[in-house]
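Here's the letter readout for the chains.
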Amino acid sequence: MAPDAADEEFMRVAINEARKGLGFTSPNPSVGAVLVVDGRVAATAYHREAGAPHAEIECLRSYGLALQSENTLYVTLEPCSTAGRTLPCTEAILRAGVRNLVIGAVDPNPRHQGRGIELLRAAGVRVRSGVLAEECSGLNEAFNKWIQTKTPFVVAKCGMTLDGRLTLRPNERRWITSLGARRHANRLRAQVDAILIGAETLRADNPRLTVREVPGARQPWRVIVSRSGRLPAGARVFTDSFAERTLVFHNEPLENVLASLGQKEITSVLMEGGGDVLSQALDQRLIDRVHIYLSPILSGGPVVAFSGMGATSTKGGLPLSNVSYEQIGRDIFINAKATYEHASSEQ
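A few points on the structure.

## A short note on the overall build of the chain
Item 1. A count of helical and extended segments in the chain gives 11 helices and 13 strands.
Item 2. Rg of the C-alpha trace for the chain: 22 Å, near the compact-globule value of 20 Å for 347 residues, within the 12% margin.
Item 3. Each principal axis of the C-alpha distribution contributes one length, and for the chain these read about 70 × 45 × 40 Å.
Item 4. Buried positions account for 49% of the 347 residues belonging to the chain.
Item 5. Long-range contacts, defined here as pairs at least 24 residues apart, represent 72% of the contacts in the chain between residues at least 6 apart.
Item 6. Accessible surface, the chain: about 17100 Å² in total, of which carbon and sulfur atoms supply 49%.
Item 7. If you average the places of the 40 positive and of the 36 negative side-chain charges in the chain, the two averages end up 5 Å apart.

Here's what the structure looks like:
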């Protein structure tokens, strides 16, 4: 049965609730829930952090009254059916007396996938699923990949000139993008578990790799990849108050680094360069999404953002989909998803 307008309206409320948890719930997904009584929103909630009650439990608890048979609970993700950091949500839903449940996306976790829906239906709950499923699933693209592969979702990020350069002339360490673009990029750091850079970027820029634009945000892990292992001991990432959240990988293939991070329950990685790291990620097809800040400058600088081996034909390049453009001051922010399943092999 196709969802009606009311289902979509209330699911959008749940989606907005789920967005409040972005950047705080990893390695759990971000989930929102809404309880509808007499055709109106009676309670809302979102999952706040791993180990805290899930959204549907918080929502039912905040309502605090006995449910009637016509009341409906909306949740952006299928309720979990196994115990983890918390008890199964399916059990709590049944104990609360929920008789109508509307679900956005099916849980991609192989332990849960569809099982919660089956259990609830078997217990007599009327369940409708797939309401705004694409939007609900899109909230958790990092979790969706990690829970199935144990490999983090990779976002390749850089600020570059119109001619694709990350730098100006040699030894010139000036910002290419505007302050507004840099602040925007810093806010996006709050939504990832780790930031990864190469040793050359560490030596040249001595970055902090912290979130400063989002009060109360969790600080991501800082990951440094180095061939030689010779790194400046006085670098900020080794001496600041978050030094214990810095990881160094010496002479490890990038793919192995990501696998190791996935084992640490790091579900998303923001690759901030430099050019060598971004090129490796492109050549090895490790990129899931790109965040590019394009500045209206022609620099002719020495460092190219994505050089690598290069494609031998247009079809051999990496296609991007769901491309969005946002003007931030003088700069353009490009946000797009890598679409490997549609990439054609070179002839």
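## Side note on unusual backbone geometry
Item 1. Note the cis peptide between Ser26 and Pro27, where omega equals 5°.
Item 2. Residue placement: Pro27 occurs in the loop between α1 (5–19) and β1 (32–37).
Item 3. Each neighbour pair has its own omega, and for Gly273 with Gly274 the value is 5°, a cis peptide bond.
Item 4. By the element assignment, Gly274 lies in the loop between β10 (268–271) and α11 (275–283).

## A short note on the packing of aromatic side chains
The description of an aromatic ring pair uses the distance of the two centres, along with the angle that the planes make with each other.
Item 1. Tallied over the full model, the rule gives two aromatic pairs.
Item 2. An angle of 50° between the planes, with centres 5.4 Å apart, marks the rings of Phe10 and Tyr74 as tilted. Residue Phe10 is found in helix α1, and its partner Tyr74 is found in strand β3 (residues 72–77); the two are separated by 64 residues along the sequence. You'll find Phe10 and Tyr74 in the same group, each marked buried.
Item 3. Over the ring of Trp146 we find Lys150, and its NZ or CZ is 3.9 Å from the ring centre.

Rules behind the numbers
- Residues numbered from 1 in each chain as written.
- Predicted model: local features only at pLDDT ≥ 70, side-chain atom pairs only at ≥ 80, totals over all residues.
- Heavy atoms only, no water.
- Helix = DSSP H or I, 4+ residues; strand = E, 2+ residues; numbered from the N terminus.
- Rg over C-alpha atoms; globule rule 2.2 N^0.38 Å.
- Buried < 20%, exposed > 50% of the residue type's maximum accessible area, 1.4 Å probe, protein only.
- Contact = heavy atoms within 4.5 Å.
- Areas by Shrake-Rupley, 256 points an atom, 1.4 Å probe, with all protein chains shown as cover.
- Lys, Arg positive; Asp, Glu negative; His and termini not counted.
- Charge placed at Lys NZ, Arg CZ, Asp CG, Glu CD.
- Phe/Tyr/Trp six-rings, centres within 6.5 Å; stacked < 30°, edge-to-face > 60°.
- Lys NZ or Arg CZ within 6 Å of the ring centre and 35° of its normal.

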